[in-house]
Amino acid sequence: MSGTSLDGVDTAIVNFEQQTPSLVASHYQRYPEELLQAIKRSCQQSSINIEEFGQLDARLGDFYADCIQRTLSKNKLSANDISAIGSHGQTIHHSPNSEWPFSLQIGDPNRIAEKTNITVVADFRRRDIAAGGQGAPLVPAFHQQLFHSNSETLAVINIGGISNISYLNKDPASPLIGFDCGPGNTLMDQWCQQHLSCRYDEGGQLASQGKTNTALLQSLLSDPYFSATHPKSTGPEYFNLAWLQPHLEQHPCSINDTLSTLCELSADCIALSCRQLGDIERILLCGGGVHNQYLRQCLEQRLEVPLATTQLHGIDPDYLEAIAFAWLAKQTIEGKPGNAPSVTGANKALILGGIYPA
Ligand SMILES: Nc1ncnc2c1ncn2[C@@H]1O[C@H](COP(=O)(O)OP(=O)(O)O)[C@@H](O)[C@H]1O
Ligand SMILES: [Mg+2]
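Residues numbered from 1 in each chain as written. Chains lettered and ligands numbered in written order. Predicted model: local features only at pLDDT ≥ 70, side-chain atom pairs only at ≥ 80, totals over all residues.

Caption draft 1: Broad picture of the overall build of the chain. Helices and strands together make up the secondary structure of the chain, namely 14 helices and 12 strands. Here the chain has a C-alpha radius of gyration of 20 Å; the compact-globule value for 358 residues is 21 Å, and the two agree. Oriented by its inertia axes, the alpha-carbon framework of the chain measures out at about 55 × 50 × 45 Å. Within the chain, the fraction of its 358 residues that count as buried is 51%. When contacts within the chain are restricted to residue pairs at least 6 apart in sequence, those whose partners lie at least 24 apart make up 71%. (Helix = DSSP H or I, 4+ residues; strand = E, 2+ residues; numbered from the N terminus. Rg over C-alpha atoms; globule rule 2.2 N^0.38 Å. Buried ≥ 20, exposed ≤ 12 C-beta atoms within 10 Å, placed from the backbone. Contact = placed C-beta atoms within 7 Å.)

The structure is reproduced here in structure tokens:
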């Protein structure tokens, strides 16, 4: 799994033999700086040509294969121990509402299969889009499997580059709902990288030292994405510094105060999403945003609901999304659907992705 934060690759080896999946081993590999810059050039569509783009696709495939091999050797496992790899790929552009809708993930799965000698499942999003869906978020169906309770209505909130919510109503007759809330870490990260010479705001320390600019926050929250009804999904091709710029011009703000305001924005769009959904009795958090203490404080202030991470259910919040893509691969291999049409808006449940045999 490599998400929109572009922080790197999360590898999870998951055992599905028991009723509850268990994380056998995990590995995090940061993107090397030069590879990161090439990915950013593709995402920002600034100066990449088709040759560079094609090579990046191949190079990322090799990088993912290397992440898998490192995880295997670190844990004294071999290719024979693994049934299949679910590879999300790196999203370069997500455009589910255009005339010809698409979501583009790269990291050539042919190369992963060739290098690891393990069957690969990849390209999870486009079949859902072909059936009229957003292609995202895909994790709610797995959240439902893992966490649904008949005694408590839950929301699972994944705070990655973008934040997304799964609403698991305790009434089993109630449909599964999920959507992207808006920016999770992406705007804060981009701001830190542009103005503060750091990849992200460790623990939310810098944001906690700033002061929220209420006028700026209100202006940001007036974006129609936040009040739009689901299904909906988004990405950094929408929520980026160019999106922020006109709001800042109207409401000038210091560097730290802007970071603080962006943190409040992330908390507000999550809180707004919760209110759009109705009664929630407990919230489970996952994704790298759980390490941002200031963001968690902001969330606690807004939500009168107990907040915990998915560790409460024994699932490492840093690897839940990677585990979910292992599950999605398993669904595909077994010929079972992976999407939840009530979440993505697709016209039916579908077997997702392509299979690249070992
Ligand atoms: N110690 C930390 N303090 C603050 N933020 C953190 C910390 N660790 C991770 N993060 C945030 O989490 C992000 C990575 O989260 P992740 O769940 O991997 O997102 P994605 O799925 O988009 O890759 C980082 O870019 C950073 O913003
Ligand atoms: Mg990540």
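And the narrative resumes.
Caption draft 2: Focus on the nonpolar core. Formed by 90 residues in total, the largest nonpolar core has its most connected members in Ala155, Cys263 and Ile323. Counting residues per element, this core draws most heavily on helix α13 (residues 320-333), at 9 residues. For this core, the two domains that each supply at least three residues are domain 1 (8-135 + 318-356) and domain 2 (140-305). Every residue in contact with Cys263, bar those within four places of it in the chain, is listed here: Met188, Gly204, Ala207, Tyr294, Leu295 and Cys298. (Core = buried A, V, L, I, M, F, W, Y, C linked by C-beta atoms within 7 Å. Domains from an automatic or database assignment.)

Caption draft 3: Quick peek at the sheet that holds strand β6 (residues 120-122). As summarised here, the arrangement of the 3 strands in space is β3-β6-β12, forming an open sheet in which the pairing is mixed. Of all strands in the sheet, those bounded by a partner on one side alone are β3 (85-87) and β12 (354-356). Geometrically, the sheet is characterised by an average inter-axis angle of 25° between neighbouring strands, direction not taken into account. Bridge count for β3 against β6 is 3 bridges, and the pairing is parallel. Opposite Ile85, over in β6, you have Val120 as the bridge partner. (Pairing = 2+ DSSP bridges. Axes fitted to C-alpha atoms, helices over the stretch in contact; angles between N-to-C directions.)

Caption draft 4: Just the site of ligand 1, in detail. Around ligand 1 there are 19 residues in total, and Gly3, Gly160, Asn185, Gly288 and His291 lie nearest to it. In the shell around ligand 1, the residues fall into 1 nonpolar, 13 polar and 5 charged. (Near = placed C-beta within 6 Å. Nonpolar A, V, L, I, M, F, W, Y, C, P; charged D, E, K, R; others polar.)

Caption draft 5: Structural detail: the sheet that holds strand β8 (residues 162-168). Pairing within the open sheet is mixed, and its 5 strands lie in the order β9-β8-β7-β10-β11. The open sheet has two edge strands with one neighbour each: β9 (177-183) and β11 (307-309). Shown here is a sheet whose adjacent strand axes are inclined to one another by a mean of 25°, direction ignored. Summarising the sheet, strand β7 (residues 154-159) and strand β10 (residues 282-286) pair through 5 bridges and their orientation is parallel. Bridging from a neighbouring strand, Ala155 pairs with Ile283 of β10. The sheet contacts of helix α11 (residues 255-277) involve β7, β8 and β9, and relative to β9 the element is tilted by about 155°.

Caption draft 6: Seen up close, unusual backbone geometry. In this structure, the amide linkage connecting Ala136 to the following residue, Pro137, adopts the cis form with an omega of -15°. Looking at the secondary structure, you find Pro137 in the loop between α4 (126-130) and α5 (140-147). In the segment running from His230 into Pro231, the intervening peptide bond is cis, with an omega of 0°. Position of Pro231 relative to the elements: it lies in the loop between α9 (224-227) and α10 (241-250). Despite not being glycine, Leu6 has its phi angle at roughly 60°, a positive value. Note that Leu6 resides in the segment before β1 (8-15).

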